[in-house]
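What follows is the residue order along each chain.
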Amino acid sequence: MNMGGEKVKIKKYILPVLAVILIISIFIFSLLAERTKDVTVSDFAMGSPVNVTVYGEKNGDEHCNSAIKRIKFIDNSYLSHTVSSSAVYTLNEKKTLISDMWFADYLKNCVELSKESESFTLFSGEFKDLWKIENGGYVPTDDEIAKVLDSHKNASLSIDSNSISLNGGKLDLGALGKGTACDEAIKILQKRNVSNALVTVGGTVGAIGSPDGVDSYSIGIRNPFGSQIEYFAILNVTDCFVSTSGDYEKYFECDGVRYSHIFDAKTARPIQSDITAVTVVADNGTLSDFLSTVIFIEGVEKGFEIADEFDAEILIVKKDKSVLVSENLNDKLTIRDNNFSVSVIE
């Protein structure tokens, strides 16, 4: 009888222990499941779709929303040319601005970058207004173009520690802004100790780390001759920024001619060339965004020289569907559409 009693006691102890173990196991499993959850939050900012994906992190929603909040803050507080609270809008309207250090330093960097090409300008706002790029399109007369060029030729910024002045022209940072927003979003994620994330703002992508189980992200390169969801190539990259500029993004057509949103500062006319898209891979978003525009303007030969100067890698798509790619980038490139032919530029 005593032996039987011992067995009953053992069973009484075992059942509660097993229950505790089960509860602990469920708790640990739920924590692991929460930690390895991939989260994507989508929004709209800077006139473009915005997507932030965080891989394998606890509180993924909070991380994503913090990044998107920063993107919207940068746009509404600094870069937008249509939001009345932004620094760019205020400069264009009032010609002077009491600024914080962030914007002053940022503008100084933009000015330095703009010196790379005489055909690039930070003051293309008047050009876009004249050609009504965002309002259906209009082909101006030579006299109208000459008048805008005369207004633009002496445009400049005066920047000191706490004030900025716009001297002529109309400031437009669209060629760098989405890349800058990506930079700032990635910084927010890194401050929150996020190791693996992908941020997309319009045509610029910022990548840190990689998804679980693979060593890089697969970034689709849009087919310039197809729909918005068609990709002719894939880039496998990590810890970098990828920007694409093309004449298929914002444009209008008149008498069989396509007029895009990318202007030559020397002529105040949209660029007409045999290039239809430029993709740049660089170590920061402001640079990749800027270079994709400048290289589109400057063309193939000068474009590859500029890329080398900034240690960037580039891919140029021409209107005949030929693709020119940097040697180092070619190893990361997979062509999905055989209608495109690839040449590697060493």
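This text gives an overview of the structure that appears in the document.

1. Some thoughts on the packing of aromatic side chains
Taken as a whole and assessed by the stated rule, the structure comprises 12 aromatic pairs. Consider the rings of Phe-225 and Phe-340, whose centres lie 6.1 Å apart with planes at 35 degrees: the pair is tilted. Here Phe-225, found in the loop between β8 (217–222) and β9 (231–237), pairs with Phe-340, found in the loop between β18 (333–335) and β19 (341–345); they are 115 residues apart in sequence, far enough to count as distant. Three or more aromatic residues link up through ring pairs in this structure, and these residues are Phe-73, Tyr-78, Trp-102, Phe-103 and Tyr-106. Against the face of Tyr-251 rests Arg-258, its NZ or CZ located 3.9 Å from the ring centre. Over the ring of Phe-340 we find Lys-321; its NZ or CZ atom is 5.6 Å from the centre of that ring.

2. Some remarks on the nonpolar core
Judged by nonpolar contacts, the single largest core of 65 residues is most densely connected at Ile-71, Phe-103, Leu-171, Leu-173, Leu-176, Leu-189 and Val-199. For Ile-71, the residues in contact, after removing those within four places along its chain, are Ala-45, Met-46, Val-50, Ala-181, Ala-185, Val-199 and Val-201. Grouped together as the second largest cluster of nonpolar side chains are 23 residues, Tyr-55, Leu-235, Cys-240 and Phe-340 included.

3. Some remarks on the packing of helix α2 (residues 60–79) against helix α7 (residues 177–191)
Contact pair α2 / α7: the axes reach a minimum separation of 8 Å and the direction vectors enclose 140 degrees. Put simply, α2 runs oblique to α7. Every pair of crossing elements has a handedness; the one defined by α2 and α7 is right-handed. For the pair α2 and α7, the contacting residues are His-63, Ser-66, Ala-67, Arg-70, Ile-71, Ile-74 and Leu-79 in the first and Gly-177, Thr-180, Ala-181, Glu-184, Ala-185, Ile-188 and Leu-189 in the second. Of the residues contributing to the contact of α2 with α7, the split by class is 8 nonpolar, 4 polar and 2 charged.

The rules behind the values
Residues numbered from 1 in each chain as written. Predicted model: local features only at pLDDT ≥ 70, side-chain atom pairs only at ≥ 80, totals over all residues. Heavy atoms only, no water. Phe/Tyr/Trp six-rings, centres within 6.5 Å; stacked < 30°, edge-to-face > 60°. Helix = DSSP H or I, 4+ residues; strand = E, 2+ residues; numbered from the N terminus. Lys NZ or Arg CZ within 6 Å of the ring centre and 35° of its normal. Core = buried A, V, L, I, M, F, W, Y, C linked by side-chain atoms within 4.5 Å. Buried < 20%, exposed > 50% of the residue type's maximum accessible area, 1.4 Å probe, protein only. Contact = heavy atoms within 4.5 Å. Axes fitted to C-alpha atoms, helices over the stretch in contact; angles between N-to-C directions. Parallel < 35°, antiparallel > 145°, perpendicular 65-115°, else oblique. Left-handed = near helix turned anticlockwise from the far one by under 90°. Nonpolar A, V, L, I, M, F, W, Y, C, P; charged D, E, K, R; others polar.

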